[in-house]
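# Observations on chain architecture
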There are 2 protein chains.
Amino acid sequence: MSQRNMDVTRQLIEQEACPVSEVIDHVAGKWSVGVIVAAAHGPVRFTELERAVNGVSRRMLTLTLRKLERDGLLVRTVYPTVPPKVEYELTDVARELLDTLRQLTDWAERHRMTITQARATYDLENESAAG
Amino acid sequence: MSQRNMDVTRQLIEQEACPVSEVIDHVAGKWSVGVIVAAAHGPVRFTELERAVNGVSRRMLTLTLRKLERDGLLVRTVYPTVPPKVEYELTDVARELLDTLRQLTDWAERHRMTITQARATYDLENESAAG
DNA sequence: CCGAATCCACAAGGATACTG
DNA sequence: CAGTATCCTTGTGGATTCGG
């Protein structure tokens, strides 16, 4: 139980030390980027996201949405209709990210081939002579 | 065998659809951002990075460096001296990312408190009444 | 339609000890 | 100094099933 307190303290320290990298990890997580850009143009429904984000499973989409909602980047609106309808919309905080995220994806697309080739070269050098 | 071709085609499509997210995942990975910005000002040595990146373990730093080197974002130079000296330097491709990454960290710092509070609120609502 | 719950496989990551 | 090797814990994510 003092162990418990130690853990909490440690967590607080680490959070103060790099909240930035933690936040970045969230927004730049595997599915977060896709979700955010997919929600950029306006409110989207769950299944729209499911299709838009490509390889995401329902489970991971749900988890990602919860995380983003928890961080205040996404607002979740439930319409108590039948069948149920849920819409997700970016908050202003999240919208500020869109430009940056687009820069990131632009960069990735620009250097896609370069990076792919760099990997191939690297792998060759390591396969042939491991030293 | 047309099935086989279908699979290959699908894989190619998916690779074309999201090499971006894969690349982003690498550069925005847990430690990659820290390593890249730490190496921004010039060549850095291993232990410099170890101190600069904060919570990173030697193991993870090594793995991160290898990944970035493989992607052609980092150049590793070994000086065969004693004691050994290894320097890491960003490539031009990686340098193009610096502005974007800084925008990301700036955004994170600007909204650090907002996000922290959003989480607290969210957690309270979920703890007190789980539904 | 939009999830929650459970199970399971695997990968990420930390701790520690050892090397050249 | 700059790693490598090993063990072990935690997290990530798919598959499936169930419910409102």
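If you're wondering where the values come from, they're calculated on a predicted model, not measured in any experiment.

Taken as a whole and judged by the stated rule, the model has zero aromatic pairs over all chains. Just above the ring of Tyr79(A) sits the side chain of Lys85(A); from NZ or CZ to the centre is 5.2 Å.

Around DNA strand D sit 19 residues, and of these Arg59(A), Thr47(B), Arg58(B), Arg76(B) and Tyr88(B) come closest. The contact atoms of DNA strand D, taken as those within 4 Å of the protein, divide so that sugar and phosphate hold 62%. Here a phosphate oxygen of DNA strand D sits 2.5 Å away from a polar atom, N or O, in the side chain of Tyr88(B). At the level of elements, α5 (58-70) of chain A together with α4 (46-52), α5 (58-70) and β3 (85-90) of chain B are the ones that each hand at least two residues to the surface near DNA strand D.

All names here are of chain A. Where strand β1 (residues 44-45) meets strand β3 (residues 85-90), two bridges bridge the pair, whose relative direction is antiparallel. Pairing of arginine 45 across the sheet is with glutamate 87, part of β3. Following strand β2 (residues 74-79), the chain reverses through five residues before pairing antiparallel with β3.

Here the focus is α5(B). Residues and elements named next belong to chain B. Under the 1.5 Å per step criterion, the end-to-end length of α5 is 18 Å for 13 residues, consistent within 8% with the ideal 18 Å. Those residues of α5 that sit buried are Leu61, Thr64, Leu65 and Leu68. Projected down its long axis, α5 carries its buried residues within an arc of 100 degrees, all on one side. Buried residues along α5 sit in contact with α3 (32-38), α4, β2 (74-79) and β3.

The subject of this paragraph is the protein's contact with DNA strand C. The environment of DNA strand C is made up of 19 residues, and the closest members are Thr47(A), Arg76(A), Tyr88(A), Arg59(B) and Met60(B). Protein-proximal atoms of DNA strand C, defined as those within 4 Å of the protein, fall in sugar or phosphate at a share of 66%. Between DNA strand C and the protein, one listed contact pairs a phosphate oxygen with a side-chain N or O atom of Arg66(A) at 3.2 Å. Within the contact set of DNA strand C, a phosphate oxygen lies 2.6 Å away from a side-chain nitrogen or oxygen of Arg76(A). Looking at the surface near DNA strand C, the elements with two or more residues in it are α4 (46-52), α5 and β3 of chain A together with α5 of chain B. Sorting elements by how many residues they give to the surface near DNA strand C places α5(A) first, with four residues.

Right, let's get into the interface of chain A and chain B. Accessible area lost when the parts come together is the quantity often used to give the size of an interface. With 41 residues of chain A at the interface, the matching set in chain B holds 42 residues. Surface buried jointly by chain A and chain B totals about 3900 Å² across both partners, of which 64% is contributed by carbon and sulfur atoms. Three residues, Arg70(A), Trp107(A) and Arg119(A), lead the burial of chain A against chain B; their summed loss comes to 19% of the area buried on that side. Viewed at the interface, chain B and chain A are joined by six salt bridges. A salt bridge links Arg70(B) to Asp123(A); the shortest N-O distance between them is 2.6 Å. At the junction of chain A and chain B, the tally comes to 18 residue pairs in polar contact (both at pLDDT 80 or more). Counting residues per element, the ones that place at least two in the side of chain A that touches chain B are α2 (19-27), α5, α6 (92-110) and α7 (112-128) of chain A. The element contributing the most residues to the side of chain A that touches chain B is α6(A), with 12 residues. In the side of chain A that touches chain B, the residues fall into 19 nonpolar, nine polar and 13 charged.

Criteria and cut-off values
- Residues numbered from 1 in each chain as written.
- Chains lettered and ligands numbered in written order.
- Predicted model: local features only at pLDDT ≥ 70, side-chain atom pairs only at ≥ 80, totals over all residues.
- Heavy atoms only, no water.
- Phe/Tyr/Trp six-rings, centres within 6.5 Å; stacked < 30°, edge-to-face > 60°.
- Lys NZ or Arg CZ within 6 Å of the ring centre and 35° of its normal.
- Near = heavy atom within 4 Å.
- Polar contact = N/O pair within 3.5 Å; in protein donor to acceptor, adjacent residues only side chain to side chain.
- Helix = DSSP H or I, 4+ residues; strand = E, 2+ residues; numbered from the N terminus.
- Pairing = 2+ DSSP bridges.
- Expected span 1.5 Å × (residues − 1).
- Buried < 20%, exposed > 50% of the residue type's maximum accessible area, 1.4 Å probe, protein only.
- Arc of directions from axis to C-beta.
- Contact = heavy atoms within 4.5 Å.
- Buried area = accessible area lost by both parts, 1.4 Å probe.
- Salt bridge = Lys/Arg side-chain N within 4 Å of Asp/Glu carboxyl O.
- Nonpolar A, V, L, I, M, F, W, Y, C, P; charged D, E, K, R; others polar.

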